[in-house]
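Each chain is listed here by its residues.
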Amino acid sequence: MNLTRKDIILRPDPKRVLFRPFIPKTRKQILKIIARILKMSEDEVNRKYDEIISEFGKRHNKVDNYFLKQFDSVKELIFTDEPLSQKRKLLIGAYFTLEYSFESSALFNPSMIWHPDQSGVPEGSKRFVLSLRAIGEGHISSITFRSGIVDKNGEIKIDSPTRFVTYADIIPDSSYQKDLFSRKLKELGLLNDFSKKVLEELKSNFTLNELKEVLRQAVKSYSFTFSNAEIIASKILNLAKSNYEIEFAKNTDISERVIFPATPNEINGIEDARFCEFREDDGSVTYYATYTAYDGEVVFPQLLETKDFYHFKINTLNGPAIQNKGMALFPRKINGQYAMLSRQDGENIYIMFSDMIHFWYHKKLLLRPTYHWEFVQIGNSGSPIETDFGWLVLYHGVGAMRKYSLGAFLLDKNDPTKVIGRTKEPILTANENEREGYVPNVIYTCGGQIFEQNLIIPYAMSDYASSFAIVPLKDLINEMLHV
């Protein structure tokens, strides 16, 4: 089979930094920092803040906005009614801010999707969005983006990312449906007498602020009746926070937008987003991505959706069939139902169907490890791609020495529970230039695309950097069908 590696390497760039809150662990230390700043003269404040802007101002957009946000997070600890100058507020905010190099360690596990804006693209070419998993200090993962163009000859050009990185605005007052929220509480083992009393006080649709107030009152009223009321209330609130919305400014380049962990369930990272361009029955398009949220102990499968890559909704995936990692959504309904691939047991690939995109109840075994290069485990590597021959699925196998390689299989177009073709040997495995990295001997992808009868595979090299490979579709189909 004729596979061509492209001469492109996307490496992590430690110069790309964003702001993060810096809050000392103790209230006492926070108070000491504030007190020291309040003792400074106005001239000292102005001079120090000007120094900070001179050093950091050109590295970020909207510096003042973030510093004021951080000032707001600690202002309740300022024990004085004396009005503060704007620069003193900004200086206080600066002391509770840090720079974070979000892709300093790795830039890997890419997922390729066609860009929603194809205006101005040369004839015969197509613009794409590439999402990548970025890792920084503390092994915290986030989702970052690049854009590029592929031409009719299979040449790929990546747009240079901007110097700046932008946080999204979190929209806290997302609306929740009580019946769906109740189902998730039951699934998590949190539907008890205390949570039922909380639900009784909520409307059929409620906001996060309304939930916070009901929980506050419930803990106050039932703390003697339920000894663990405060703990359960905290878990209920964490669940709600896992369903939220974010929005980026319209004037930002896509390379500036970073989806960074924003909830307790994501505190240790957002991993391996698998994007797909989902076409609704009416022809409209929604971009979905399944990903794994990680809190340091437990993985939480999540679903991200957007129409334009500016505004995103993030929701939990629910139901007894939502287990482990590696969820990947089919790009349209099949026989009136949503369909998704998954790895329920850390070893095999399953297929699931559901009437509701956020709830999954049943699974069916689809593929087992069979060949030498996948004896340890297999898992999907991106959403299925519809072709004239069937549903094309990239997948990874783990073999001896924990070596990860990529293969492919083909599912029946009308009944994707039927496997009609599969590669016996890997189609892509680490060569000598790719096997060294954060995790050696790993080739991995979260989804490719077909263009001009070629399969484009963006792939990660040893969990460190990313590149591209191209395979003629006809060659791959023949290999899977053993023609």
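Criteria and cut-off values
- Residues numbered from 1 in each chain as written.
- Predicted model: local features only at pLDDT ≥ 70, side-chain atom pairs only at ≥ 80, totals over all residues.
- Heavy atoms only, no water.
- UniProt positions renumbered as here; feature names shortened; annotations may be inferred.
- Domains from an automatic or database assignment.
- Contact = heavy atoms within 4.5 Å.
- Buried area = accessible area lost by both parts, 1.4 Å probe.
- Buried < 20%, exposed > 50% of the residue type's maximum accessible area, 1.4 Å probe, protein only.
- Helix = DSSP H or I, 4+ residues; strand = E, 2+ residues; numbered from the N terminus.
- Pairing = 2+ DSSP bridges.
- Axes fitted to C-alpha atoms, helices over the stretch in contact; angles between N-to-C directions.
- Parallel < 35°, antiparallel > 145°, perpendicular 65-115°, else oblique.
- Left-handed = near helix turned anticlockwise from the far one by under 90°.
- Nonpolar A, V, L, I, M, F, W, Y, C, P; charged D, E, K, R; others polar.
- Phe/Tyr/Trp six-rings, centres within 6.5 Å; stacked < 30°, edge-to-face > 60°.
- Lys NZ or Arg CZ within 6 Å of the ring centre and 35° of its normal.
- Salt bridge = Lys/Arg side-chain N within 4 Å of Asp/Glu carboxyl O.

As annotated in an unreviewed UniProt entry, the protein chain carries the name Glycosidase and is attributed to Ignavibacterium album. In its Sequence similarities (unreviewed entry) section, the UniProt entry covering the protein chain states "Belongs to the glycosyl hydrolase 130 family."

Is there a simple way to explain the domain arrangement of the protein chain in this structure?
Buried accessible area, meaning the area lost when the parts come together, often serves as the stated size of an interface. Under the domain assignment, the protein chain is made up of domain 1 (4-9 + 102-169 + 244-481), domain 2 (17-101) and domain 3 (175-242). For domain 1 versus domain 2, the distance between C-alpha centres works out to 39 Å. Contacts between the two partners involve 14 residues from domain 1, matched on the other side by twelve residues from domain 2. Taking both partners together, domain 1 and domain 2 bury about 1200 Å²; carbon and sulfur atoms supply 53% of that area.

Looking at this structure, I do not really get the pairing of strand E18 (residues 338-342). What am I missing?
Here is the key point about a regular strand: its side chains alternate between the two faces of the sheet. Counting buried positions along E18 gives five out of five residues, so the element sits mostly inside the fold. Residues of E18 alternate between two faces, with Tyr338, Met340 and Ser342 on one and Ala339 and Leu341 on the opposite face, all of them buried. Counted along the chain from E18 to the antiparallel partner strand E19 (residues 349-354), the turn is six residues long, and its residue glycine 346 has a positive phi close to 75°.

Looking at this model, I keep getting lost on the packing of helix H2 (residues 42-56) against helix H4 (residues 86-95). Mind explaining?
To describe two helices that pack against each other, one gives the angle between their axes and the distance between the axes. The contact between H2 and H4 brings their axes to 9 Å, and the two run at 50°. As far as their axial angle goes, H4 and H2 are oblique. Here H2 runs over H4; the crossing is left-handed. Judged by residue contacts, Glu42, Val45, Asn46, Lys48, Tyr49, Asp50 and Ile52 of H2 engage Lys87, Arg88, Leu90, Leu91, Ala94 and Tyr95 from H4. In terms of residue class, the contact of H2 with H4 is made up of seven nonpolar, one polar and five charged.

Please explain the packing of aromatic side chains as it appears in this structure.
Geometry of an aromatic ring pair is reported as the spacing of the ring centres plus the angle between the planes. Under the definition given, this model contains 27 aromatic pairs. Chaining the aromatic ring pairs together yields one cluster made of Phe19, Tyr49, Tyr66, Phe67, Tyr100, Tyr167 and Phe260. Seen from the ring of tyrosine 100, arginine 20 lies directly overhead, with NZ or CZ sitting 4.9 Å from the centre. Over the ring of phenylalanine 359 we find arginine 183; its NZ or CZ atom is 5.2 Å from the centre of that ring.

For this particular structure, what's the right way to read the pattern of salt bridges?
Tallied over the entire structure, the rule returns 21 salt bridges. In this structure, the salt-bridge partner of lysine 48 is glutamate 51, at a minimum N-O distance of 3.5 Å. In this pair, lysine 48 and glutamate 51 both sit in helix H2, three residues apart, roughly one turn of the helix. The class for lysine 48 is partly exposed, based on a relative accessible area of 29%. Between glutamate 271 and arginine 133 there is a salt bridge whose closest N-O contact spans 3.5 Å. Of this pair, glutamate 271 sits in strand E13 (residues 270-279) while arginine 133 sits in strand E5 (residues 126-136); the two residues are 138 residues apart in sequence, bridging distant segments of the chain. In terms of burial, glutamate 271 and arginine 133 fall into one category: buried. Here the residues in one salt-bridge network are Arg133, Glu271, Asp272 and Lys325, joined through shared partners.

I tried to follow the sheet that holds strand E20 (residues 363-367) on my own but got confused; where do I start?
Sheet strands pair by backbone hydrogen bonding; their relative direction is either parallel or antiparallel. Read across the open sheet, the four strands follow the order E17-E18-E19-E20; overall the sheet is antiparallel. With one partner strand each, in any of the chains shown, strand E17 (328-329) and E20 form the two edges of the open sheet. Note: E19 against E20, four bridges, orientation antiparallel. Considered in E20, the bridge of isoleucine 349 is made with leucine 367.

Can you help me understand the sheet that holds strand E8 (residues 169-171) in this one?
Ordered by their spatial adjacency, six strands build an open sheet running E8-E11-E16-E15-E14-E13, and the pairing between neighbours is antiparallel. The sheet terminates laterally at E8 and E13, the two strands that pair on one side only. Direction aside, neighbouring strands of the sheet carry axes that sit 25° apart on average. Of the pairings in the sheet, the one linking strand E14 (residues 285-294) to strand E15 (residues 299-306) comprises eight bridges and is antiparallel in character.

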